[in-house]
Amino acid sequence: MELLTADYTFLNERLAMHYGIETVKGARFRRVTLPDESRYGLLGKGAVLSLTAYPNRTSPVLRGAWILERLVGVPPTPPPPDVPDLPDNRRGQPPRTVRERLEQHRENPTCFSCHGIMDPLGFALENFNAVGQYRSIDPDTRTPIDASAVLPDGTAITGATDLRRALVARPEQFVQALTENLMTFALGRTLDHRDMPAVREIVRRAAQDDYRFEALVLGVVSSDAFRKREPADGLLQASLE
């Protein structure tokens, strides 16, 4: 669970400056305790925040979809092919925040079925710009950023810290999503419904060991799906040759 809750990371001077930390000097990476709780865990890391943004702006949709797929294990359905692009701010018109421009998707009942789940997760990370630097003012409107949201279960949150706490409150959900990704990597294929009993059993056993990463890895490699898997045709042919 420290993947979500760790109050430390590894920085050199260049990355520390990117995070607004001025006490790290030199090119050597070293463990640093994070002074800002919003930076804790994966949700506060520049790699994740950059991956889930566009080059020129943040994307609550991409960030929300990433959280659903990677951290919650419930990937959203693909968007329909005729979804219009997010409208840009135009000269001569009052600028709007990304949140305000996304309202057109949320007002459509068909769009809201997905955006009503994804967008609140992404809104909570709006204090981080497209490359993961912290900000409190929206660059377009010059107004304070609104990072508040209401999760699908009715939980009101404000910012990355509240979002992280909401995810940590259900550890088995995050650990199952992580286990599914580990199994996919270990088996070299996507999982299906036949694999889920093994995944759930690995998570149950790992709970007895405080969800340590070692317990997940041992659970994966000792599972029947891993020990009795058949090699892909190409790998089998290569081994025979």
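Being a predicted model, the structure only gives us computed values, none of them experimental.

What counts and what doesn't
- Residues numbered from 1 in each chain as written.
- Predicted model: local features only at pLDDT ≥ 70, side-chain atom pairs only at ≥ 80, totals over all residues.
- Heavy atoms only, no water.
- Salt bridge = Lys/Arg side-chain N within 4 Å of Asp/Glu carboxyl O.
- Helix = DSSP H or I, 4+ residues; strand = E, 2+ residues; numbered from the N terminus.
- Buried < 20%, exposed > 50% of the residue type's maximum accessible area, 1.4 Å probe, protein only.
- Core = buried A, V, L, I, M, F, W, Y, C linked by side-chain atoms within 4.5 Å.
- Contact = heavy atoms within 4.5 Å.
- Expected span 1.5 Å × (residues − 1).
- Phe/Tyr/Trp six-rings, centres within 6.5 Å; stacked < 30°, edge-to-face > 60°.
- Lys NZ or Arg CZ within 6 Å of the ring centre and 35° of its normal.

> For this particular structure, what's the right way to read the pattern of salt bridges?
Pairs can form between side chains of opposite charge whenever their charged atoms are close. In this structure the tally under the stated criterion is 13 salt bridges. Across the salt bridge formed by Arg101 and Asp140, the nearest N and O atoms sit 3.6 Å from each other. Of this pair, Arg101 sits in helix H5 (residues 98-107) while Asp140 sits in the loop between helix H6 (109-123) and strand S3 (148-150); the two residues are 39 residues apart in sequence, bridging distant segments of the chain. Asp140 sits in the partly exposed class, given a relative accessible area of 37%. Here Arg165 ties to Asp162 by a salt bridge, and the two come within 3.8 Å at their closest N and O atoms. A residue pair is termed a helical-turn pair when its members lie 3 or 4 positions apart in one helix, as Arg165 and Asp162 do in helix H7 (residues 159-168) at 3 residues.

> Sorry, what's going on with the nonpolar core here?
Looking at soluble globular proteins, one finds that nonpolar side chains tend to be buried together. Membership of the largest hydrophobic core comes to 38 residues, with the highest contact counts inside it found for Leu43, Ile67, Leu71, Leu125, Leu163 and Leu167. If you list the elements that add at least two residues to this core, you get helix H3 (46-51), helix H4 (60-72), H5, H6, H7, helix H8 (171-187), helix H9 (196-207) and helix H10 (213-221). Among the elements that take part in this core, H4 stands out by supplying 6 residues, more than any other. Leave out the neighbours within four places in its chain, and Leu163 touches Leu43, Ile67, Leu121, Ala124, Leu125 and Ile157.

> Looking at this structure, I do not really get H8. What am I missing?
Because an α-helix packs 3.6 residues into every turn, residues spaced three or four apart end up facing the same way. With 17 residues, H8 extends 24 Å between its outermost C-alpha atoms, agreeing within 8% with the 24 Å of an ideal straight helix rising 1.5 Å per residue. Along H8, the residues classified as buried are Phe174, Val175, Ala177, Leu178, Thr179, Glu180, Met183 and Leu187. In this fold, the buried residues of H8 make contact with helix H1 (2-5), H4, H9, H10 and helix H11 (224-227). Gly188 sits one or two positions beyond H8 and adopts a positive phi of about 70 degrees.

> Can you walk me through the packing of aromatic side chains in this structure?
Aromatic ring pairs are defined here through the distance separating the ring centres and the angle between the ring planes. Within the structure shown, the criterion is met by 2 aromatic pairs. Ring centres of Tyr8 and Phe10 lie 6.2 Å apart, and the angle between their planes is 90 degrees; this geometry places the pair in the edge-to-face category. A cation sits over an aromatic face here: Arg31 above Tyr8, 3.6 Å from the ring centre. One cation-aromatic arrangement involves Arg99 over Phe123; the distance from NZ or CZ to the ring centre is 4.1 Å.

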